[in-house]
Amino acid sequence: VQLQASGGGLVQPGGSLTLSCVASGSTFGIYIMGWYRQAPGKQRELVATVAAGGKTTYADSMKGRFTISRDNSKVTVFLQMNSLEPEDTAVYYCNAYRREDTGTRAYWGQGTLVTVSS
């Protein structure tokens, strides 16, 4: 499975940005897709996930500002980010969990940088 994320960039505080991540390769069996982020000097943290059936989870600090969605037919996950704050500056990583014969395996994209600054 390969995950290709896009959509990062520079945005002013209060602005919006949408990230996209498309999975390719052996995508059958992917059941959760999501986004994590890692700010400079900090550990990687959960942003949001969405299951194949549509159930979503969010980190508390992202609730109400970020919206995760998924297109199962295109094996693509989106992250709509509104009311961005400088504290949202981070590298955002796309993630997918896939059921395989040996168990569940996590896959990661290469990351896309989001910078919130005036």
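For the structure, see preceding data.
(A) Layout of the packing of aromatic side chains. Applying the stated rule across the entire model yields 1 aromatic pair. Taking the ring centre of W108 as reference, the NZ or CZ of R44 above it sits at 4.7 Å. If you follow R99 out to its NZ or CZ, it ends over the ring of Y31, 3.9 Å from the centre.

(B) Quick peek at unusual backbone geometry. The phi dihedral of V75 falls on the positive side, at around 45°, and the residue is not glycine. With respect to the helices and strands, V75 occurs in the loop between strand 7 (66-71) and strand 8 (76-81).

(C) Examining the pairing of strand 11 (residues 112-116) more closely. Judged by which residues are buried, strand 11 turns out to be one-sided: T112, V114 and V116 face inward and are buried, whereas L113 and T115, on the alternate face, are not. Across 3 bridges, strand 2 (residues 9-11) lies against strand 11 in parallel orientation. Each bridged residue has a counterpart across the sheet, and for G9 the counterpart in strand 11 is V114. When strand 9 (residues 90-100) meets strand 11, the two strands line up antiparallel, connected through 3 bridges. Residue Y92 lies in a different strand from strand 11, and its bridge partner there is T112.

(D) Seen up close, the sheet that holds strand 7. With antiparallel pairing, the 4 strands of this open sheet are ordered in space as 1-3-8-7. Strands with a single pairing partner mark the edges of an open sheet, and in this sheet they are strand 1 (2-6) and strand 7. On average, each strand axis in the sheet is tilted by 15° relative to the strand beside it, whichever way the strands run. Where strand 7 meets strand 8, 6 bridges bridge the pair, whose relative direction is antiparallel.

(E) Examining the pattern of salt bridges more closely. This model, assessed by the stated rule, comprises 5 salt bridges. Between D60 and K63 there is a salt bridge; the shortest N-O distance is 3.3 Å. One salt bridge connects R65 with D88, and the closest N-O pair in it is separated by 2.8 Å. Here D88 lies in the loop between strand 8 and strand 9 and R65 lies in the loop between strand 6 (56-58) and strand 7, a separation of 23 residues in the sequence. The class of R65 is buried, set by a relative accessible area of 12%. Exposure remark for D88: the relative accessible area of 2% places this residue in the buried category. Through salt bridges with shared partners, a single ionic network connects R37, E45, R65 and D88.

(F) Representation of the nonpolar core in the model. One finds L3, W35, L79, M81 and Y92 to be the most contacted residues of the largest nonpolar core, which totals 31 residues. Within the residue set of this core, elements represented by two or more residues are strand 1, strand 3 (17-24), strand 4 (30-38), strand 5 (45-51), strand 7, strand 8, strand 9 and strand 11. Once residues within four sequence positions are removed from consideration, L3 is found in contact with C21, V22, A23, M33, C94, N95, A96, Y107, W108, G109 and Q110.

What counts, and at which threshold
- Residues numbered from 1 in each chain as written.
- Predicted model: local features only at pLDDT ≥ 70, side-chain atom pairs only at ≥ 80, totals over all residues.
- Heavy atoms only, no water.
- Phe/Tyr/Trp six-rings, centres within 6.5 Å; stacked < 30°, edge-to-face > 60°.
- Lys NZ or Arg CZ within 6 Å of the ring centre and 35° of its normal.
- Helix = DSSP H or I, 4+ residues; strand = E, 2+ residues; numbered from the N terminus.
- Buried < 20%, exposed > 50% of the residue type's maximum accessible area, 1.4 Å probe, protein only.
- Pairing = 2+ DSSP bridges.
- Axes fitted to C-alpha atoms, helices over the stretch in contact; angles between N-to-C directions.
- Salt bridge = Lys/Arg side-chain N within 4 Å of Asp/Glu carboxyl O.
- Core = buried A, V, L, I, M, F, W, Y, C linked by side-chain atoms within 4.5 Å.
- Contact = heavy atoms within 4.5 Å.

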